Amino acid sequence: EAQVTQNPRYLITVTGKKLTVTCSQNMNHEYMSWYRQDPGLGLRQIYYSMNVEVTDKGDVPEGYKVSRKEKRNFPLILESPSPNQTSLYFCASSLGGPPSYEQYFGPGTRLTVT
Amino acid sequence: GDSVTQMEGPVTLSEEAFLTINCTYTATGYPSLFWYVQYPGEGLQLLLKATKADDKGSNKGFEATYRKETTSFHLEKGSVQVSDSAVYFCALTSGTYKYIFGTGTRLKVLA
């Protein structure tokens, strides 16, 4: 089944403890992206990647890192999480970059930083 | 910078009512416009899109027309169903690989 998977789905952690949220797609997609969803703010793009080893900042990259060493994986790294990073995170992928290709979203990761 | 403004929700309608969710945008150049839908507990799904002025996107009975003169991309459906209850997001891309989303509008349809 074609899909985008994220792990973990739920995570509660403490301020400053490094964490990684994994994202994997099995559709051979070139474009991958991370978003955070917050009440009243909608969806905001954190980072995106056009292909292996090619990444760029979205609108809210501060406090996050990404890497794209393999085409299928695009992990999101929080090296020193803070409470303002408590959010619902989505990974998405598409065959190519916008606007021509549909994005497919993962199920989301709910992160709480205390 | 580029931005998308959506009407505040929630929108509550009775089944078979007409739906309009307003979306306006600010962008340099010639953006492409999208509507995404998020059902409870799920990720977003593309509902429809339009890539140039006067294009009409349509899917599952929903429609939206790209109006350059009013910088709008309003979502409409003639007769909503309970199963349409979800959060709807308007979004754009404009000459880059970045997406800009609106804040979302929650729709609740009552039987």
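Anything mentioned here points back to the structure above.
A quick note: this is a predicted structure, and the numbers were derived from the prediction, not measured. (Residues numbered from 1 in each chain as written. Chains lettered and ligands numbered in written order. Predicted model: local features only at pLDDT ≥ 70, side-chain atom pairs only at ≥ 80, totals over all residues. Heavy atoms only, no water.)

1. A closer look at the overall build of chain B
Put simply, the rule is: Only DSSP runs of H or I with at least four residues qualify as helices, and only runs of E with at least two residues qualify as strands; both kinds are numbered from the N terminus onward. C-alpha atoms define the radius of gyration in this analysis, and the globule rule sets the expected value at 2.2 Å times the number of residues to the power 0.38. Relative accessibility under 20% of the residue-type maximum defines a buried residue, over 50% an exposed one, and the middle range a partly exposed one, all with a 1.4 Å probe and only protein chains included. The contact definition used throughout considers only heavy atoms, calling two residues in contact when any of these lie within 4.5 Å. Only four residue types enter the tally: Lys and Arg on the positive side, Asp and Glu on the negative side, with His and both chain ends excluded. For charged residues, the charge sits on one atom: NZ in Lys, CZ in Arg, CG in Asp, CD in Glu.
Of the regular secondary structure elements, chain B holds 0 helices and 12 strands. Going from the N terminus to the C terminus, chain B shows its helices and strands as β-β-β-β-β-β-β-β-β-β-β-β. Against the compact-globule benchmark of 13 Å for 111 residues, chain B has a radius of gyration of 13 Å, which places it among compact chains. Once the C-alpha set of chain B is aligned to its principal axes, its extents read approximately 45 × 25 × 20 Å. In chain B, which comprises 111 residues, the share counted as buried stands at 46%. Nonlocal contacts in chain B, meaning residues at least 24 apart in sequence, comprise 55% of its contacts between residues at least 6 apart. Distance between charge centres in chain B, computed from 10 positive and 11 negative side chains, equals 5 Å.

2. Here's the deal with the pattern of salt bridges
The following threshold applies: When a carboxyl oxygen of Asp or Glu lies within 4 Å of a side-chain nitrogen of Lys or Arg, that pair is called a salt bridge.
Applying the stated criterion to the full structure yields 8 salt bridges over all chains. Across the pair A:Glu79 and A:Lys65 runs a salt bridge, and its minimum N-O distance is 3.2 Å. Remark: A:Lys65 occurs in strand 7 (residues 65–66) and A:Glu79 occurs in the loop between strand 8 (76–78) and strand 9 (87–94); sequence separation between them is 14 residues. A relative accessible area of 40% places A:Glu79 in the partly exposed class. Across the salt bridge formed by B:Glu63 and B:Lys56, the nearest N and O atoms sit 3.6 Å from each other. In this structure B:Glu63 comes out as partly exposed when scored by relative accessible area, which is 33%.

3. Re the interface of chain B and chain A
As a measure of interface size, the accessible area lost when the parts come together is often cited. Rules: The term buried area means the drop in 1.4 Å probe accessible area that two parts suffer when joined, counted for both and summed. N or O atoms closer than or at 3.5 Å make up a polar contact, with two conditions inside protein: a donor-capable atom paired with an acceptor-capable one, and, for residues adjacent in sequence, both atoms drawn from side chains.
Contact with chain B, which involves 21 residues of that partner, is made by 24 residues of chain A. Between chain B and chain A, the buried area comes to about 1800 Å², and carbon and sulfur atoms account for 56% of it. Here chain B is connected to chain A by 1 salt bridge. As a salt-bridge pair, B:Lys98 and A:Asp59 come within 3.0 Å of each other at their nearest N and O atoms. Seen at the junction of chain B and chain A, the total is 7 residue pairs in polar contact (both at pLDDT 80 or more). When contributions to the side of chain B that touches chain A are tallied by element, the ones reaching two or more residues are strand 5 (32–38), strand 6 (44–50), strand 10 (86–93) and strand 11 (100–101) of chain B. The element contributing the most residues to the side of chain B that touches chain A is strand 5 of chain B, with 4 residues.

4. Description of the sheet that holds strand 3 (residues 19–25) of chain A
All names here are of chain A. Note the following rule: Between any two strands, pairing holds if DSSP finds at least two bridges.
Strand order in the open sheet made by the 4 strands is 1-3-8-7, with antiparallel pairing throughout. Of all strands in the sheet, those bounded by a partner on one side alone are strand 1 (4–7) and strand 7. When strand 1 meets strand 3, the two strands line up antiparallel, connected through 4 bridges. Residue Gln-6 lies in a different strand from strand 3, and its bridge partner there is Cys-23.

5. Here we look at the state of the cysteines
Let me state the cut-off plainly: The term disulfide is used for any two cysteine sulfur atoms that are within 2.5 Å.
Following the criterion strictly, the structure yields 2 disulfides over all chains and no others. The disulfide partner of A:Cys23 is A:Cys91, and the gap between their sulfur atoms is 1.8 Å. Taking the sign of the torsion about the S-S bond as the criterion, the disulfide between A:Cys23 and A:Cys91, at about -70°, is left-handed. Taken together, the positions of A:Cys23 in strand 3 and A:Cys91 in strand 9 put the pair 68 residues apart, joining distant regions of the chain. The exposure classification of A:Cys23 matches that of A:Cys91, with both residues buried. Disulfide pairing places B:Cys23 opposite B:Cys90 at an S-S distance of 2.0 Å. Since a negative S-S torsion denotes a left-handed disulfide, the B:Cys23-B:Cys90 link at about -70° is left-handed.

6. Some points on the sheet that holds strand 8 (residues 62–65) of chain B
Residues and elements named next belong to chain B. Here is the rule: To get an axis, fit a line to the C-alpha atoms, keeping to the stretch in contact for a helix; angles then go from 0 to 180 degrees between the N-to-C directions.
With antiparallel pairing, 4 strands are arranged side by side in an open sheet as 3-9-8-7. The sheet terminates laterally at strand 3 (19–21) and strand 7 (56–59), the two strands that pair on one side only. Taken over all neighbouring pairs, the strand axes of this sheet differ in orientation by 15° on average, direction set aside. Across 4 bridges, the pairing between strand 7 and strand 8 is antiparallel. Note on strand 8: the bridge partner recorded for Lys-56 is Thr-65.

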